[in-house]
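The chain contents come next:
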Amino acid sequence: MSAPGVQSFTQQGWEQVLAKVKRAVVYLDAACAESLHWGCGSTRLLEAVGGPACYLREFEPAAVGGGAKQPKAVFVLSCLLKGRTVETLRNIICRSHFQYCVVVTTVNHAVHLTANHVPAAAAAELEGQQPVFEQLEEKLCEWMGNMNYTAEVLHAPLLLAPAAPYLALTPAFASLFPLLPQDVHLLNSARPDKRRLGSLGEVDATALTPELLLQIRCLVSGLSSLCEHLGVREECFAVGSLSRVIAADLANYAPAKNRRRTSAGRASVVFVDRTLDLTGTVGHHGDNLVEKIISVLPPLPGHTNDVMVNMVELTALQNEEENQNVVAPGCLAQSNDTAAKALWEALLNTKHKEAVMEVRRHLVEAASRENLPIKMSMGRVTPGQLMSYIHLFKNNLKALMNHCGLLQLGLATVQTLKHPQTAKWDNFLAFERLLLQSIGESTMSVVLNQLLPIIKPLNQRTNDDYSPEELLILLIYIYSVTGEFTEDKDLAEAEEKVKKALAKVFCEESELSPLLQKVTGCDSSINLTFHKSKIAVDELFTSLRDIAGARNLMKQFKSVYVPGNHTHQASYKPLLKQVVEEIFNPERPDPVDIEHMSSGLTDLLKTGFSMFMKVSRPHPSDHPLLILFVVGGVTVSEAKMIKDLVLSLKPGTQVIVLSTRLLKPLNIPELLFATDRLHPDLGF
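Residues numbered from 1 in each chain as written. Predicted model: local features only at pLDDT ≥ 70, side-chain atom pairs only at ≥ 80, totals over all residues. Heavy atoms only, no water.

With that out of the way, let us pick up the overall build of the protein chain. For the protein chain, the helix and strand inventory stands at 28 helices and 14 strands. Taking 684 residues into account, the globule formula puts the C-alpha radius of gyration at 26 Å, and the protein chain, at 26 Å, falls close to it. C-alpha extents for the protein chain along the principal axes are approximately 75 × 75 × 55 Å. Buried positions account for 54% of the 684 residues belonging to the protein chain. Looking at the protein chain alone, contacts between residues at least 24 apart form 77% of all its contacts between residues at least 6 apart. Of note, the protein chain has its 65 positive side-chain charges centred 3 Å away from the centre of its 72 negative side-chain charges. (Helix = DSSP H or I, 4+ residues; strand = E, 2+ residues; numbered from the N terminus. Rg over C-alpha atoms; globule rule 2.2 N^0.38 Å. Buried < 20%, exposed > 50% of the residue type's maximum accessible area, 1.4 Å probe, protein only. Contact = heavy atoms within 4.5 Å. Lys, Arg positive; Asp, Glu negative; His and termini not counted. Charge placed at Lys NZ, Arg CZ, Asp CG, Glu CD.)

The next thing to look at is the domain arrangement of the protein chain. The domain boundaries assigned to the protein chain delineate domain 1 (6-158), domain 2 (159-277 + 574-683), domain 3 (298-418) and domain 4 (422-549). Summarising the inter-unit geometry, the C-alpha centres of domain 2 and domain 3 are found 37 Å apart. The interface of domain 2 with domain 3 comprises twelve residues on the first partner and eight residues on the second. With both sides pooled, the region where domain 2 packs onto domain 3 buries about 850 Å², and carbon together with sulfur makes up 54% of that total. The largest per-residue losses of area from domain 2 upon contact with domain 3 belong to Ala 163, Lys 640 and Leu 662, which jointly make up 35% of the total buried on that side. In this structure, the connection of domain 2 to domain 3 is made through zero salt bridges. In this structure, the connection of domain 2 to domain 3 is made through four residue pairs in polar contact (both at pLDDT 80 or more). Looking at the side of domain 2 that touches domain 3, the elements with two or more residues in it are strand S6 (161-164) and helix H27 (636-649). Considering each element in turn, the side of domain 2 that touches domain 3 owes the most residues, three residues, to H27. Of the residues contributing to the side of domain 2 that touches domain 3, the split by class is eight nonpolar, no polar and four charged. (Domains from an automatic or database assignment. Buried area = accessible area lost by both parts, 1.4 Å probe. Salt bridge = Lys/Arg side-chain N within 4 Å of Asp/Glu carboxyl O. Polar contact = N/O pair within 3.5 Å; in protein donor to acceptor, adjacent residues only side chain to side chain. Nonpolar A, V, L, I, M, F, W, Y, C, P; charged D, E, K, R; others polar.)

It is worth spelling out helix H21 (residues 468-482) at this point. Over its 15 residues, H21 runs 21 Å from end to end, which matches the ideal 21 Å to within 8%, given 1.5 Å per residue. The element H21 is extensively covered by neighbouring structure, given that 14 of its 15 residues are classed as buried. A positive phi of about 70° marks Gly 483, the residue just after H21. (Expected span 1.5 Å × (residues − 1).)

Moving on, we come to the packing of helix H4 (residues 83-94) against helix H7 (residues 131-144). Running from N to C, H4 and H7 point in directions that differ by 30°, and their axes come no closer than 8 Å. Classified by the interaxial angle, the pair formed by H4 and H7 is roughly parallel. In this structure, H4 meets H7 at a crossing whose hand is right-handed. Of the residues in H7, those touching H4 at Val 86, Leu 89, Arg 90, Ile 93 and Cys 94 are Leu 136, Leu 140, Trp 143 and Met 144. The residue inventory of the contact of H4 with H7, partitioned by class, reads eight nonpolar, no polar and one charged. (Axes fitted to C-alpha atoms, helices over the stretch in contact; angles between N-to-C directions. Parallel < 35°, antiparallel > 145°, perpendicular 65-115°, else oblique. Left-handed = near helix turned anticlockwise from the far one by under 90°.)

The subject of this paragraph is H4. In a regular helix each residue adds 1.5 Å, so twelve residues correspond to 16 Å; H4 covers 17 Å between its end C-alpha atoms and thus fits that length. What H4 keeps buried is the set Thr 85, Val 86, Thr 88, Leu 89, Ile 92 and Ile 93. Along the axis of H4, the buried positions cluster into a sector of 155°, meaning they face one direction only. Buried residues along H4 sit in contact with strand S1 (25-28), strand S3 (72-77), strand S4 (100-105) and H7. (Arc of directions from axis to C-beta.)

So, in structure tokens, the structure goes:
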């Protein structure tokens, strides 16, 4: 059996659920559905349910209840069993004929005690007991209408959606995003004058809202379960203010104390705030096919990490827009198809050109195995060539079924290569390179003035020009890569010109995209006046200033910009790369910006003694496993870079990259302008 990892952790969690679902109506919320999708696939669930008919339903207030011939229900939920979630449970059960209900929550009982304001000392005395779950079991029987019916409430750690053996996402925390300086003002509005925060550097757990703290605790409980599965005792480190709160909460998480005493293995868990470097997420430096697929194809409904692949080409239907919703979409996650999974992992780990050749190779081999009449062609791979191979499978049901996963990845590749946005990728890259040179040679005002000619209203734009959303991406790139800059009159004037041009563009849009609705606060272009648009753009620039100042509190990781010289062009050096290089620095200096979070008195004594005795402080390179958690999202290219870098710097070390979501450029403005960062919706 292979060593425990993110995939075995997820599969083991789902095994607990699959053991309960035989002949049941199964209700899943979106985050659990996404974990299933990447972890073991819906086919496994369907097989476990069995029976002639299968009933999988989305957990929502309007969900259809169970009929007279459906006595059993299983609810799989990623949230706390409180408030609206419990109301929805009650409503579904009351309009059904269930006699046996199982509720599975990804949040363990200890966190339910915290959510119900049970003091830590009282919670410690309840070890081994589960009063919150037991009370809900009684309620379930009451709602089913007979106290002799069967009800079970249990915890299963379904935290992760594993995209690869070294990369996993946390769908339930896709909206978790580090704080910006403007959030400090909001936090201060609820604090007395004497206890006001001066900067993000002063933010600790006591400063955060109860909802955000509870969201962090839910994440920490899942990460503790992962460490238990991996058999490790973790040392926690942080880079950034929100990461510091999460790392401290994990380090001092009371239910993990017994686990840590008995764990044979050791691991370093390093949390990093995404906001310290947004350049890589909005930039187009990543020469990776999967990154392009995720950026240009529409998202799979209800998912944050997968896309819809149009499968009409494999049917007898015409590839018209109205037919695209007739056939179920394909996707990238192929957890039950060994060959497709091998191709997917190859695509994650190779550059664009090699990835496209790999897709061709897999299609040719599959067609050969099925004895399809394939015409070999060498040289450059074109979308037309790939499509000709895919069409060979079209009227052969057996071949289609044998290679369905591979064909989905093949079609995703073709649709991405032919997509107009892919042609724009190189334009973005060229403009970003130009900006990097300008930043080194000019002031910020000159850089912003270079942007003015490309800010065009709708009636002057062609398909090659930048849309308002793309302009936001370029602005985030500029402010994030530049970092701190000198204020002067020229800069104020340049910013004002860009603001006015942008406000005018927003106003003249015939229809506001969901992102522009979020930025402007208007749901329709008819209601968007220039005055409203200008106010929204002023607020946008406040966020851009926050992004530029995000690394101000750093001492070592102050810049992601490398100036050019006579032999090299100016370049961008990702903060994640700097963090990994510092972790495995052969000199092993005490990390300056990678802060160790002590887990109680022993660690504090160690740190204290180390000031006047030779006691080595914990260092993130001490252990054979490094778990790097990027709070706020990670790109495919960044995950690959981290994996490759660790392999080259310290070959024996295993690395797992965790993050809240896979990112594409457009996600960043969406996350930046989210209004619920401090008050996440926890379902109650």
